[in-house]
Amino acid sequence: MKQLLLNPGPVTLSQRVREAMLQPDLCHREPEFSDLQDRIREKLLNVYALPDKDWAAVILTGSGTAAVEAMLTSLMPEDGKLLIIENGVYGERMTKMAGIYGIKHECLHHPWGKKIDLEALESKLAKGDYTHIAVVHHETTTGRLNPLAEISTLCKSYRVQILLDSVSSYGAERLDFTEWPIAGCAATANKCLHGVPGCCFVIVNRNAVGNETPRRTLYLDLGAYLKQQDAGGTPFTQSVQCFYALDAALDEMEAAGGQLQRQRAYLGHMQIIRDGLLALGVKPLMDMSESSCVLHAYYLPKGLSYERLHDALKAMGFIIYAGQGDLAKTLFRVSAMGDISKEDMQRLVAAFAELLG
Ligand SMILES: Cc1ncc(COP(=O)(O)O)c(C=O)c1O
């Protein structure tokens, strides 16, 4: 039976994306690879209509974590100071990275899933001498969409730049590269863009890279990638087949109406699931207005463990996702990314009804 992936990436692939990986074998030092890489870089900027004189997409081989780590290590100046906002696993992961690389930092901590306290953020920014903040756009831990517009207003008034983890939002959620003081934005091929795992990217503000990036890492140095990719090259071997897939996925997305249409489609899927589950007495963790369009978390029905729910749904062709850490005991998560339809979501609701009825 075909399994529909309703976990937050990797996603269910379209046939077109799957077949794109069967294109001819290609050496990453050949001009055909250079063309492929150029095309993808341009299409990644086109998702948010970004002019290439101000912005560049730097593509790396690795998962989303590699993009986030490259962004923090390459875009945080040696003498900079970072404020990391935590309200889930991925904010906390950035703190671990800053610790490992000796980046001067402090945290504004919140328990997982909690709203970012904007007053506390403002008082930190007013007191600290921060140059940058690092924040997760969509905290996939709980499905919370963090309020980037409000955070940006504060950052602008304290002249602080944003390093954004948009691994689970790029391509679907609204991102305002004009109004938000973004220095870098890390994302991946295999979530809202519907490519395969294996390549990730950072959208860098060209002004934020400068001539020299700090010497913290060899492999993840965005400065080196940017220089070579602007000249049609790549410092290291890239995951060629993943590039083929991403190229096709970006074409497919554009033909379907781009980011706005993707957001609309996800919202439609989420609404079907939410209405269906609510009717069965399954409650969401947070209000639709606080959630991303990409993933929602729900309380496990009374008396039903995640394992039993997961296994029963898997047997009916649906892969859902556990809560992280301790949340696994109380929550499950459902994402709407990938090549899935409204009818699939209706079938999912019917599967829940069969299980819970
Ligand atoms: C917001 C966010 N950041 C970072 C990551 C890490 O990505 P990866 O597992 O591809 O390394 C994820 C993965 O789900 C994520 O959702």
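Keep in mind the model is a prediction, meaning the values are calculated, not measured.

**A look at the domain arrangement of the protein chain**
In terms of domain boundaries, the protein chain breaks down into domain 1 (4-9 + 257-356) and domain 2 (15-255). Each of domain 1 and domain 2 has a C-alpha centre, and the two are 26 Å apart. Counting residues at the interface gives 23 residues for domain 1, matched by 23 residues for domain 2. Listed by contribution, the elements that provide at least two residues to the side of domain 1 that touches domain 2 are α10 (258-279) and β11 (295-299). Per element, the largest residue contribution to the side of domain 1 that touches domain 2 is 5 residues, and it comes from α10. For the side of domain 1 that touches domain 2, the per-class residue count stands at 10 nonpolar, 9 polar and 4 charged.

**Regarding unusual backbone geometry**
Looking along the chain, the bond that leaves Gly9 and enters Pro10 is cis, with omega of -5°. Its identity as a non-glycine residue notwithstanding, Arg159 has a phi of 55°, on the positive side. Within the secondary structure, Arg159 is located in the loop between α6 (148-157) and β8 (161-165). At His194, a residue that is not glycine, the phi angle is positive and equals roughly 70°. Locating His194 in the fold gives a position in the loop between β9 (182-188) and β10 (199-205). With 29 C-beta atoms packed within 10 Å, His194 lands in the buried category.

**Describing the sheet that holds strand β13 (residues 321-322)**
A sheet is described by the order of its strands in space; here 3 strands give the open sequence β11-β14-β13, paired in antiparallel fashion. A single partner strand is all that each edge strand has here, and the edge strands are β11 and β13. Bridge count between β11 and strand β14 (residues 331-335): 5 bridges; the pairing is antiparallel. Each residue of the ladder has a partner; that of Tyr298, found in β14, is Phe332.

**Quick notes on the packing of helix α5 (residues 118-127) against α6**
Contact pair α5 / α6: the axes reach a minimum separation of 10 Å and the direction vectors enclose 20°. Looking at the two axes, α5 sits roughly parallel to α6. Along this stretch, α5 crosses α6, giving a crossing that reads as right-handed. In this structure, α5 contributes Leu118, Leu121, Glu122 and Leu125 to the contact, and α6 contributes Glu150, Ile151 and Leu154.

**Quick notes on the environment of Asn7**
Mapped onto the secondary structure, Asn7 falls in the loop between β1 (4-5) and α1 (15-20). Apart from the residues lying within four places of it in its own chain, the contact partners of Asn7 are Ile319, Tyr321 and Ser335.

**So, the environment of Asp251**
Relative to the helices and strands, Asp251 is located in helix α9 (residues 240-255). Here Asp251 falls in the partly exposed class, since 15 other C-beta atoms lie within 10 Å of it. Between the C-alpha atoms of Asp251 and Gly102, which are 149 residues apart in sequence, the distance is 40 Å.

**Regarding the site of the ligand**
Surrounding the ligand, one finds 13 residues, the nearest of these being Ser63, Gly64, Thr65, Thr140 and Val167. The element best represented in the shell around the ligand is helix α3 (residues 64-75), accounting for 3 residues. Class assignment for the residues of the shell around the ligand results in 5 nonpolar, 7 polar and 1 charged.

**Thoughts on helix α12 (residues 342-356)**
Counted at 1.5 Å a residue, the expected span for α12 with its 15 residues is 21 Å, and the 21 Å between its end C-alpha atoms agrees. For α12, the set of buried residues is Met345, Leu348 and Phe352. In a view along the axis of α12, the buried residues occupy a sector of 50°, so they form one face of it. Exposed side chains of α12 directed beyond 90 degrees from the buried face belong to Glu343 and Glu354. Summarising the contacts, the buried residues of α12 are in contact with α10 and β12 (318-319).

**Some remarks on the nonpolar core**
With 108 residues, the main nonpolar core has Val58, Ala67, Leu72, Phe201, Val202, Val204 and Leu246 as its most contacted residues. The element best represented in this core is α9, accounting for 10 residues. For this core, the domains that each give at least three residues are domain 1 (4-9 + 257-356) and domain 2 (15-255).

Reading guide: rules and limits
- Residues numbered from 1 in each chain as written.
- Predicted model: local features only at pLDDT ≥ 70, side-chain atom pairs only at ≥ 80, totals over all residues.
- Domains from an automatic or database assignment.
- Contact = placed C-beta atoms within 7 Å.
- Helix = DSSP H or I, 4+ residues; strand = E, 2+ residues; numbered from the N terminus.
- Nonpolar A, V, L, I, M, F, W, Y, C, P; charged D, E, K, R; others polar.
- Buried ≥ 20, exposed ≤ 12 C-beta atoms within 10 Å, placed from the backbone.
- Pairing = 2+ DSSP bridges.
- Axes fitted to C-alpha atoms, helices over the stretch in contact; angles between N-to-C directions.
- Parallel < 35°, antiparallel > 145°, perpendicular 65-115°, else oblique.
- Left-handed = near helix turned anticlockwise from the far one by under 90°.
- Near = placed C-beta within 6 Å.
- Expected span 1.5 Å × (residues − 1).
- Arc of directions from axis to C-beta.
- Core = buried A, V, L, I, M, F, W, Y, C linked by C-beta atoms within 7 Å.

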